[in-house]
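Spelled out, the chains give:
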Amino acid sequence: MNKVILLLSLLFITYNSSNLLVQSQTLTNYPDTSQLQYDQSYLRICTNLFEQIVDLNTTLSVEYIYDACYTCEYQTLVVLDSSSSQYIIMPSTFGYKFNISVLYNGKAQDDILYLSFHQIFGEYGIYDISVNISTVNVTKKIYHSVNILKEPINSEIPIAVLFSILVGMAIAWPFIIYLYKRSKRDSLEYQLMASVERENRKKDRLRSLDVFRGFSITIMIFVNYGGGGYWFFNHSLWNGLTVADLVFPWFVFIMGIAMPLSFHAMEKRGTPKRVIVQKLLRRSIILFALGLFINNGVNLQQWRILGVLQRFSISYLVVGLIMLFVPLWKFRPSPSDIININDGGGMHQSQQLSSSSSQQLQQHQSQQFSHSSQQYSQQQVFLIPQDVVEQQSILNGPSMNSNKDIDTFVKGNLYSMSLTQHETIISKYFADIAPYWIQWVFALVIFSGWFLLMFLVPVPGCPTGYLGVGGLANQGRYQNCTGGAARLIDLKIFTEAHIFHNPTCLEVYKTPSYDPEGTVGYLTSIFLCFIGVQAGRIILIYKSNRSRLIRWMIWSVVLCGIAAGLCGLTQNQGWIPVNKNLWSPSFILLMAGFGFFVLTVMFIVIDIKKIWNGSPFIYVGMNPITIYCGHEILGTYFPFSFNVTYQTHSLYLLSNCIGVGCWLLIAYQMYRNKLFINI
C-alpha cells in the first residue's frame with residue numbers, strides 16, 4: 001500500500017513539474033516588458049487562416065489608424081503569411097482602429113473577408129489578437145478575439161498620488177504657517193519680518209501678477225522637463241489644447257499686463273520718453289539674444305533663429321512702440337459735459353480747483369497755471385476725464401510744460417469734481433478703452449495680418465487657406481503642406497536649415513519640419529500681448545477692486561465666446577481650430593480669456609482676501625527670465641533631471657518634480673537674498 005502511495009506521489013510530482021516547465025517555457029516566450037518605455041505595450045497577431053485556406057498566395061493584412069491621428073490614412077501594421085507575427089511595440093496613450101482583410105496575390109477580391117474593430121491597449125500589457133476563420137454551410141466568416149497575456153498597469157496612479165499630495169500640502173500649509181507665526185510672534189526676528197511684510201503691502205504691489213507669472217513659469221519648466229510623460233502635460237499634436245499649451249501664451253499675456261504698470265512707474269520717476277524707448281529696445285535685443293543663445297548655435301549651418309524668448313522680444317517691442325507713439329483720443333464734449341464757470345457753482349468750483357491744482361503743480365510752473373486758471377474763469381470748459389489725462393501722461397503724452405498741458409489738467413480736475421452731475425457713459429464705463437481706440441486699430445491691423453497671410457498666400461501643392469497638419473492627415477493628400485502658408489513663409493525667410501525640425505506632430509503624422517514659433521504666429525502673439533495691456537490699464541484706471549473684477553470677467557467671457565465661435569466648440573471641425581502650433585486667433589483669444597479669469601481668481605485670493613501669500617510661485621515670478629533660462633541651459637544636468645534604464649511614469653514624474661523643486665528652491669534663495677536680475 002505504501003509503495004502504491006509513493007508511486008502515485010512520484011507521478012503527481014512529475015506531472016506538476018512538467019506543467020510548471022510548460023508554464024515556464026510559455027512565460028519565457030513572452031517578451032520582456034522591461035524593454036518597454038512608459039505608455040507602450042506588446043501586441044502579437046495570430047490567425048488560423050492558413051489552416052482554413054490552403055493557398056500560398058493568400059495573406060492576412062492588418063492595417064491601423066492611431067486615434068490621435070485625425071483624418072489619417074490607414075498604415076500597414078503587418079502582413080501575415082504564417083500563423084502568428086512577432087511581438088510589436090504599440091504606443092498605448094490612445095486607441096487604434098484596425099482593418100483586417102484577407103488578400104489574394106496581394107490584392108483584395110470581391111468576396112474579400114474583411115474585419116474592422118477598435119482596440120485600446122494598456123501600459124506594459126501584452127496582448128494577442130486572434131483572427132480566426134470559420135466555415136458554416138460553406139460560408140466563411142472572419143472574427144477576432146483579444147487575449148490579455150499580461151495585465152497592464154494603471155498609468156494614472158502616479159499622477160493621482162502626486163495630485164493628492166499637492167492638495168494635502170495646500171490644505172495643510174496655512175495651518176503650518178499659522179502655527180509657525182504663533183510660536184515666533186514674540187521673537188524679534190518675527191517682528192522684523194512682519195514689519196517688512198507690512199511695508200511691502202503698503203507699496204501696493206500687485207502680488208497676484210507676480211504669482212501668476214511664477215505659476216506660468218513653473219508649469220512651463222515642468223512640461224519642458226517632460227511632464228511625467230503624460231500626454232496632457234505635453235503639447236497638442238496639432239489642433240486641441242493641453243496643460244502644456246497654456247503657459248507660453250499666458251506669459252505673453254502677463255508681459256502685456258506689466259507694460260502699462262512699468263511705463264507708469266517710469267513716468268512717475270520723471271523718466272523721459274527717449275529713455276523709455278531705449279530701455280524698450282535694449283530689453284527686446286537682450287531677450288532675442290538670449291533666445292539665440294539657448295538655441296545653441298554651435299552648428300551655424302543648423303542654427304534655429306526663432307524661439308520662445310524671441311517671440312517675447314518681438315511682441316514686447318511692437319506693443320511697447322504702439323503704446324508710446326500711437327496717439328490717444330480725447331473725448332469730444334457733449335452738452336452735459338459743458339459747465340459755465342460764470343455761474344455761482346461753477347465759479348466756486350473753479351476757485352477751489354485753482355487752489356488745489358496750484359498746490360499740485362507749484363513745483364512745475366505755478367505762474368502758468370495761475371494764468372490758465374484765470375482764463376477758465378471767464379469761459380465755458382470742455383471736459384476731459386481725469387483718468388484719461390493721467391493715462392496720456394503715463395503712456396505717451398508730453399509732460400505738463402505748456403499752457404495747453406496745464407489746460408488739459410485743469411479740465412480733467414474740473415470734470416472729476418463735477419463727475420456726479422456731468423459724467424457720460426463713455427467716461428464712466430469705457431475710460432479704459434475709448435481713449436485708446438486708435439491703438440486698438442493698430443493692434444487689430446496687425447492681428448488681421450494673420451488672416452490675410454494664412455488665407456490668401458498661395459502655397460504650391462496645397463489648397464489656399466490650408467490650416468491642417470499635412471503628413472498622413474487628409475488621407476495623405478497634402479503631405480508637405482504642414483501649417484500651410486505659415487511654414488512656407490518661414491522657409492522663404494529662414495530656409496529649411498534654420499527652423500525647428502522636431503515638431504510635436506512629427507512622430508504621429510510623419511510631417512516635414514515645422515516651427516511652432518514661426519513668423520506668422522508673431523502677429524497673433526503681439527495682439528495677445530496688447531490684450532494683456534488692456535488688463536494692466538484696468539488696474540491703473542480703476543482703483544476699485546469691484547470695478548477691476550467686473551471688467552476682467554467681462555473680457556474673459558467675451559474673449560472665450562469669440563474663441564468658441566471661431567472653433568465651433570470642436571477640436572477639428574470649426575472654421576479656425578484652437579491650435580498652439582499656428583498660434584491661431586481662436587487659440588490666443590481663448591488663452592487671453594483664460595488669463596483674465598485666472599488673474600481674477602488670484603487677485604481675489606491673494607490681494608483682496610489675502611488667503612494665500614502666493615508662495616512658492618511668487619519667488620519664481622520675481623526672477624522669471626533667470627529661472628527660465630537656467631532651466632533651459634541646465635535642464636539635462638543632475639539633479640534637475642536623471643534617467644533610469646526602466647523608465648516608468650512614476651520615475652519620470654519623480655525626476656521632473658525634483659527638477660522643478662530645485663528651481664523653486666533657487667528662486668526662493670534669490671528672493672531671500674534680495675537678488676533680482678532684471679534685463
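For the structure, check the block above.
About the criteria used
Residues numbered from 1 in each chain as written. Predicted model: local features only at pLDDT ≥ 70, side-chain atom pairs only at ≥ 80, totals over all residues. Heavy atoms only, no water. Helix = DSSP H or I, 4+ residues; strand = E, 2+ residues; numbered from the N terminus. Buried < 20%, exposed > 50% of the residue type's maximum accessible area, 1.4 Å probe, protein only. Contact = heavy atoms within 4.5 Å. Expected span 1.5 Å × (residues − 1). Bend = angle between axes of the 7 residues up to and from the residue. Pairing = 2+ DSSP bridges. Axes fitted to C-alpha atoms, helices over the stretch in contact; angles between N-to-C directions. Phe/Tyr/Trp six-rings, centres within 6.5 Å; stacked < 30°, edge-to-face > 60°. Lys NZ or Arg CZ within 6 Å of the ring centre and 35° of its normal.

A. Seen up close, the side chain of His631. As for its placement among the helices and strands, His631 is situated in helix H21 (residues 624–634). Residue classification places His631 among the buried positions, given a relative accessible area of 2%. Beyond its immediate stretch of four places on either side in the chain, His631 contacts Ile221, Asn224, Tyr225 and Trp663.

B. Helix H19 (residues 585–608), seen in detail. The terminal C-alpha atoms of H19, which comprises 24 residues, lie 33 Å apart, in line with the 34 Å expected from a rise of 1.5 Å per residue. Of all the bends found along H19, the most pronounced is centred on Met602 and spans about 25°. With 18 of 24 residues buried, H19 lies mostly within the body of the structure.

C. Spatial organisation of the sheet that holds strand S4 (residues 88–91). With mixed pairing, four strands are arranged side by side in an open sheet as S4-S1-S7-S8. The open sheet has two edge strands, S4 and strand S8 (139–150), and neither has a second partner. Averaged over all pairs of adjacent strands, the angle between strand axes in this sheet comes to 30°, irrespective of strand direction. The pairing of strand S1 (residues 40–47) with S4 spans four bridges and is classified as antiparallel. Counted as the bridge partner of Ser41 is Met90 from S4.

D. How the structure looks around the packing of aromatic side chains. Inspection of every chain in the model, using the stated rule, returns 42 aromatic pairs. Between the aromatic rings of Trp231 and Phe232, the centroid separation amounts to 5.5 Å while the plane-to-plane angle is 80°, which identifies the pairing as edge-to-face. Their ring planes at 80° and their centres at 5.5 Å tell us that Trp450 and Phe451 sit as a pair that is edge-to-face. Among the residues examined, Phe451 registers a relative accessible area of 21% and is labelled partly exposed. Taking NZ or CZ as reference, Arg537 lies 3.8 Å from the ring centre of Tyr436, over its face.

E. Structural detail: the sheet that holds strand S5 (residues 96–104). Pairing is antiparallel in the open sheet, where four strands are placed in the order S3-S2-S5-S6. Each edge of the open sheet is held by one strand with a lone partner, namely strand S3 (75–80) and strand S6 (114–119). With strand direction ignored, the average angle separating the axes of adjacent strands in the sheet is 20°. By the bridge criterion, nine bridges tie strand S2 (residues 58–66) to S5 in an arrangement that is antiparallel. Bridge pairing in S5 links Val62 to Ile100.

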